[in-house]
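Given next are the chains, with one letter for each unit.
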Amino acid sequence: MEKMLQIKKLAVSYHTYAGEVQAVRGISFDVLKGETVAIVGESGCGKSVTARAIMGLIQKPQGEVKPGSQILYKDQDIAKMSRRELRRYRGKESAIIFQDALSSLNPTMKVGKQIVEGLTAHSKISRSEARGKALDLLSKVGIPNPEKRINQYPHQFSGGMRQRVMIAIALACNPNLLIADEPTTALDVTIQAQILLLIKKLQKELGSSVIMITHDLGVVANMADRIVVMYAGRIVEAGTAEDIFYEPKHPYTVALLNAVPKISDEDEIAELEAIPGTPPDLIAPPIGCSFAARCKHCMEICVSHDPEQIEFAGEHRASCWLHHPDVIALLKKPQLEGANHE
Ligand SMILES: Nc1ncnc2c1ncn2[C@@H]1O[C@H](COP(=O)(O)OP(=O)(O)O)[C@@H](O)[C@H]1O
Ligand code: SF4
Ligand SMILES: [Mg+2]
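Just so we're clear, the structure is a prediction, and the values are computed from it rather than from any experiment.

Enquirer: Quick rundown of the site of ligand 1? Include the residues and the values.
Expert: Lining the immediate environment of ligand 1, one finds Y14, T16, A23, E42, S43, G44, C45, G46, K47, S48, V49 and L282. Take G44: an N or O atom from its main chain is 2.6 Å from an oxygen atom of ligand 1. One nitrogen or oxygen atom from the side chain of K47 is found 2.9 Å from an oxygen atom belonging to ligand 1. Protein chains shield 67% of the accessible area of ligand 1, which is 560 Å² for the free molecule. Put simply, the parts of the chain that give the shell around ligand 1 at least two residues each are β1 (3-16) and α1 (47-54). Per element, the largest residue contribution to the shell around ligand 1 is 3 residues, and it comes from α1. Each residue belonging to the shell around ligand 1 can be placed in one class, and the counts come to 5 nonpolar, 5 polar and 2 charged.

This is how it looks when you write it as structure tokens:
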């Protein structure tokens, strides 16, 4: 299938007074045409920074996309796009929905006008045509009374309705690539489910590719074709939704799965198993496996040597020493026995 997006060895740092925060540390994955890829991981693992990099929104000089990183949209390197191409890529080819609609929408502009502006900026349509399309979009995303709502300001909408407005704006130009960065985190569970269904339905209609970002694996169970699990700025495991849910290989993925609420027979939410400990400092990331300090299966080699990526069936891959074919032999090698832990 056609590759919409190819991320190759993407690394992004932030230069702060405390030092260089290595927010994303060399990640690679593809997004095919029409598929949904979920990026999952705890807060601070680099999901939003990845999203911003894909949109070409890392701001210099604090933010830096490191040399050697590549983001190809339909085989075109976004770092090499002209201003004009970049504007088109950001305004017409791709769109992003953020977690917090209230801070992303303009509070002083009627929502209708905000949608119309998006529509007229990138396509040659008249104002009245754009207004008609805006009404259409508002009803498409499930906002009742669009004729009345189009003249209201963001604060007059509930959280869920505001998120729908954001989706309408994002969809205004029929983007080929839609990034949803925790689009439902601020909403209650029922509305979350409605919004996710809506994104899925609109994606089917438009045939767009979607990158769905969330800290909750449960959210993407019914949505994602493929899942990328991030930890401390790296991809620790990636595969199809089936691979991740039924054949998880990385202890961090397993821990994330155990943190997903399970509905029991009595419809009660079972006790969650939170993941003890905290992620490492990204100014001085550990030499070995980033998850070592929190991993139940941590071995000596994990602390001293970064695990290589192991490939399983299909495109399933994970970086963990437990799956290394030579792990037993490696453990016996004398030079590793006394490996230092610093
Ligand atoms: N503007 C910034 N300046 C410094 N550090 C940042 C900035 N933005 C993000 N970071 C750091 O990058 C890391 C990844 O952040 P982010 O991608 O927002 O995580 P999340 O997975 O929760 O979306 C975090 O350690 C965060 O503190
Ligand atoms: S490499 Fe070692 S510490 Fe890291 S996840 Fe695998 S077993 Fe755990
Ligand atoms: Mg985020």
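Enquirer: I'd love a proper account of empty space enclosed by the protein, names of residues and values included.
Expert: One pass over the structure, following the stated rule, counts 1 cavity of 30 Å³ or more. Reported here for the largest cavity is a volume of approximately 90 Å³. Every residue lining the largest cavity is counted, 15 residues in all, and those nearest its centre are P251, C289, C295, C302 and C320. Grouping the amino acids of the lining of the largest cavity by side-chain chemistry returns 12 nonpolar, 3 polar and no charged.

Enquirer: Can you lay out the packing of helix α4 (residues 111-122) against helix α5 (residues 127-140) for me, pointing to particular residues and giving the numbers?
Expert: Remark: α4 packs on α5, axes separated minimally by 9 Å, with the N-to-C direction vectors making an angle of 120 degrees. In terms of axis orientation, α4 runs oblique to α5. The crossing of α4 and α5 is right-handed. Counting all contacts with α4, which are made through I115, V116, L119 and T120, the residues of α5 involved are R127, A130, R131, K133, A134, L137 and L138.

Enquirer: How would you summarise the pairing of strand β7 (residues 94-97) if you had to cite specific residues and measurements?
Expert: Here β7 shows no split at all, with S94 and I96 on one side and A95 and I97 on the other all buried. Pairing of β7 with strand β8 (residues 177-181), which is carried by 4 bridges, proceeds in the parallel orientation. Note on β8: the bridge partner recorded for I96 is I179.

Enquirer: Give a description of the packing of aromatic side chains that names residues and reports values.
Expert: Applying the stated criterion across every chain yields a total of 4 aromatic pairs. A centroid spacing of 5.1 Å and a plane angle of 80 degrees characterise the contact between Y231 and F291, whose relative ring orientation is edge-to-face. Of this pair, Y231 sits in strand β10 (residues 226-231) while F291 sits in the loop between α11 (251-258) and α12 (300-304), and the two are 60 residues apart along the sequence. Like F291, Y231 is buried. Its guanidinium or amino end placed over the ring of F157, R149 lies 4.3 Å from that ring's centre, counting from NZ or CZ. Above the plane of the ring of F312 lies K249, whose end atom (NZ or CZ) is 4.9 Å from the centre.

Enquirer: Outline unusual backbone geometry, listing residues and values.
Expert: For the peptide bond that leads from K60 to P61, omega is 0 degrees, which places it in the cis range. Topologically, P61 is positioned in the loop between α1 and β4 (63-65). Of note, the phi angle at K9 is positive, near 45 degrees, even though the residue is not glycine. Considering the arrangement of structural elements, one finds K9 in strand β1.

Enquirer: Break down the pairing of strand β2 (residues 19-32) for me, citing the residues and quoting the values.
Expert: Sheet topology note: the β1/β2 ladder contains 10 bridges and is antiparallel. Looking at β2, one finds that I7 is bridged to F29. Where β1 folds back onto β2 in an antiparallel hairpin, the turn is made up of 2 residues.

Enquirer: Residues and numbers for the pattern of salt bridges, please.
Expert: Inspection of every chain in the model, using the stated rule, returns 13 salt bridges. Here E35 makes a salt bridge to R226, at a shortest N to O gap of 2.5 Å. One end of the pair, E35, is in the loop between β2 and β3 (36-40); the other, R226, is in strand β10, with 191 residues separating them in the sequence. The residue R226 makes a salt bridge to E315 at a minimum N-O spacing of 3.8 Å. Highlighted residues: R226 in strand β10 and E315 in the loop between β12 (309-311) and β13 (317-319), separated in sequence by 89 residues. One network of salt bridges, in which partners are shared, links E20, E64 and K66.

Enquirer: Run through the environment of I39, naming residues and quoting values.
Expert: In this structure, I39 sits in strand β3. The spatial distance from the C-alpha of I39 to the C-alpha of I58 is 18 Å, given a sequence separation of 19 residues. If we skip the residues at most four places from it in the chain, I39 touches F29, K47, T50, I211, M212, I213, T214, V228 and M230.

Enquirer: Let's hear about the layout of surface pockets: which residues, and what values?
Expert: Taken as a whole, the largest pocket encloses approximately 770 Å³ of empty space. Every residue lining the largest pocket is counted, 30 residues in all, and those nearest its centre are Q192, D216, G218, V219 and P261. When residues of the lining of the largest pocket are traced back to their parent elements, those giving at least two are α8 (189-206), β9 (209-214) and α9 (217-220). For the lining of the largest pocket, a count of residues per class yields 19 nonpolar, 7 polar and 4 charged.

Definitions and cut-offs
Residues numbered from 1 in each chain as written. Chains lettered and ligands numbered in written order. Predicted model: local features only at pLDDT ≥ 70, side-chain atom pairs only at ≥ 80, totals over all residues. Heavy atoms only, no water. Near = heavy atom within 4 Å. Polar contact = N/O pair within 3.5 Å; in protein donor to acceptor, adjacent residues only side chain to side chain. Areas by Shrake-Rupley, 256 points an atom, 1.4 Å probe, with all protein chains shown as cover. Helix = DSSP H or I, 4+ residues; strand = E, 2+ residues; numbered from the N terminus. Nonpolar A, V, L, I, M, F, W, Y, C, P; charged D, E, K, R; others polar. 1 Å grid on protein atoms, 1.4 Å probe; cavity = no way out; pocket = protein on both sides within 12 Å on 5 of 7 lines; lining within 4 Å. Points joined across faces, edges and corners; volume = space filled by probe spheres on them. Axes fitted to C-alpha atoms, helices over the stretch in contact; angles between N-to-C directions. Parallel < 35°, antiparallel > 145°, perpendicular 65-115°, else oblique. Left-handed = near helix turned anticlockwise from the far one by under 90°. Contact = heavy atoms within 4.5 Å. Buried < 20%, exposed > 50% of the residue type's maximum accessible area, 1.4 Å probe, protein only. Pairing = 2+ DSSP bridges. Phe/Tyr/Trp six-rings, centres within 6.5 Å; stacked < 30°, edge-to-face > 60°. Lys NZ or Arg CZ within 6 Å of the ring centre and 35° of its normal. Salt bridge = Lys/Arg side-chain N within 4 Å of Asp/Glu carboxyl O.

Read these as spatial facts, not as claims about activity.
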